[in-house]
Amino acid sequence: MELNPEIVPIDDLIPDENNARTHNKKNIDALAKSLQTFGQRKPIGITQENVVVAGNGTLEAARQIGWKGLAAVRVPADWDNDTIKAYAFTDIRTAELASWNSEVL
């Protein structure tokens, strides 16, 4: 599968009103600090209509620090709403299932 990242103006991006993940101030502040320190190193996921399905917290953090655009990749145009929702939940859940290597830390 080929990714085609594009820079999308932040004002054109629409947060997912049904996002199952919540982001408190501490989380958004940490994301903003990461963006300021390292820049954006992975694109957010969006629909053909610019609804954010992966990266809602990143969008909020980028807005907080005054960014004008974000790198994004679009989900395939033939994905229906159920597939998009499944992708969004999987993106969240797979990260939660990981654990830390205490020896490396």
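Residues numbered from 1 in each chain as written. Predicted model: local features only at pLDDT ≥ 70, side-chain atom pairs only at ≥ 80, totals over all residues. Heavy atoms only, no water.

(A) Spotlight on helix α1 (residues 25-38). For α1, with 14 residues, the first-to-last C-alpha span of 20 Å sits near the 20 Å given by 1.5 Å per residue. Along α1, the residues that are buried comprise I28, A32 and L35. The arc that holds the buried residues of α1, viewed along the axis, is 60°, so those residues lie on one side. Exposed residues pointing more than 90 degrees away from the buried face of α1 are listed as K26, K33 and F38. (Helix = DSSP H or I, 4+ residues; strand = E, 2+ residues; numbered from the N terminus. Expected span 1.5 Å × (residues − 1). Buried < 20%, exposed > 50% of the residue type's maximum accessible area, 1.4 Å probe, protein only. Arc of directions from axis to C-beta.)

(B) Broad picture of the side chain of N50. Here N50 shows up in the loop between β2 (44-46) and β3 (52-54). Side-chain polar atoms of N50 contact the backbone oxygen of D12, separated by 3.4 Å. If we skip the residues at most four places from it in the chain, N50 touches V8, D12, L13, I14 and R74. (Polar contact = N/O pair within 3.5 Å; in protein donor to acceptor, adjacent residues only side chain to side chain. Contact = heavy atoms within 4.5 Å.)

(C) Representation of the sheet that holds β2 in the model. The four strands are arranged β1-β4-β2-β3 in an open sheet whose pairing can be described as mixed. A strand with exactly one partner marks an edge of an open sheet, and here the two such strands are β1 (6-9) and β3. On average, each strand axis in the sheet is inclined to that of its neighbour by 55°, with strand direction left out of account. Against the sheet, helix α2 (residues 56-64) contacts β2, β3 and β4 (69-74), and its axis sits at roughly 120° relative to β3. (Pairing = 2+ DSSP bridges. Axes fitted to C-alpha atoms, helices over the stretch in contact; angles between N-to-C directions.)

(D) Structural context of the nonpolar core. Ranked by size, the top nonpolar core spans 14 residues in total, and within it L13, I44, I46, V52, L59 and L70 carry the most contacts. When contributions to this core are tallied by element, the ones reaching two or more residues are α1, β2, α2 and β4. (Core = buried A, V, L, I, M, F, W, Y, C linked by side-chain atoms within 4.5 Å.)

(E) Geometry of the pairing of β4. Pairing geometry for β1 and β4, over four bridges, is antiparallel. Looking at β4, one finds that E6 is bridged to A72.

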